[in-house]
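Fold and contact review
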Amino acid sequence: MRAPAVGNLEYKRSTDPGVLSQGLFYLAWLMDHRTEFQVLVRERLGVTAASQVLWSAPRLICVAGDFTRYDLHAIREHRRSIDLVRYRLFGEHHIALETVASVAGQAKASPRPRRRGADAPAPARQASGAMAELAAAVDEVLLGLGEDVSKVRRKQYDAYQRLRNFACVTARQDKLLAYLKAAPAAVDLVSGFTRDVTGLGHHGTGDLEVQLHSEKDVERALDLFRLSYVAVA
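Keep in mind that what you see is a predicted model, and the values were worked out from it rather than measured.

Moving on: the overall build of the chain. Secondary structure summary: the chain contains seven helices and ten strands in total. Expressed as a percentage of its 233 residues, the buried residues of the chain come to 43%. Within the chain, residue pairs in contact and separated by at least 24 positions form 56% of the contacts whose partners lie at least 6 positions apart. With the model as given, the accessible surface of the chain reaches about 13800 Å², and the carbon-plus-sulfur share is 52%.

The structure is reproduced here in structure tokens:
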């Protein structure tokens, strides 16, 4: 069993511009009062539990009805590990939680050395040569669509978001596949380049599939990327 890590959970019922700053304040307070916290844990859970609490990588989890673009930008600039989690209520008995953005603080940085393609979509980082350059080009274009764009790395794909996913990118041996929120019915589909995958299983979200074999395909897809970006505003 992994030792428990120190963290703070901040909850708001709706969109609140102060959720991040409040959460960081409470986390800082917790770190400044770690002795009192350890005493409390020792009294409630015992000496063994208190000795296993990790203080090296504290994490802040903010749960709210929604977040602003300023929150998404702020967490990328902060040194702490922070998760922004949006909740949705379904009836009286069900709730859904969705990670809007997640960043790792310095203490949780990957020990593996960074290389040129380190910021490329996760499945494509294992590629080399032309595929690595293609992944880097797609990453640059999608992140450059607006200051409110953030990237969340999943196991099978990378999600590009502005509060909601507007593009998900995954890699194949000889191409990248981008799944966009743009409506396939609003696009002139081109065989071998774009495809309507409504109802078909695939990694990520979005019903418009774009096949990218080269940087020329990335240029062809620019308008589709923008259309998908606007679709989730």
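On to the pattern of salt bridges, then. Under the defined criterion, the tally for this structure stands at nine salt bridges. Notably, a salt bridge pairs Asp83 with Arg59, separated by 2.7 Å at the nearest N-O pair. One end of the pair, Asp83, is in strand E3 (residues 81-90); the other, Arg59, is in strand E2 (residues 54-64), and 24 residues separate them in sequence. The same class applies to Asp83 and to Arg59, which are both buried. Through salt bridges that share partners, Asp66, Arg86, Arg88 and Glu98 make up one connected network.

Calculation notes
Residues numbered from 1 in each chain as written. Predicted model: local features only at pLDDT ≥ 70, side-chain atom pairs only at ≥ 80, totals over all residues. Heavy atoms only, no water. Helix = DSSP H or I, 4+ residues; strand = E, 2+ residues; numbered from the N terminus. Buried < 20%, exposed > 50% of the residue type's maximum accessible area, 1.4 Å probe, protein only. Contact = heavy atoms within 4.5 Å. Areas by Shrake-Rupley, 256 points an atom, 1.4 Å probe, with all protein chains shown as cover. Salt bridge = Lys/Arg side-chain N within 4 Å of Asp/Glu carboxyl O.

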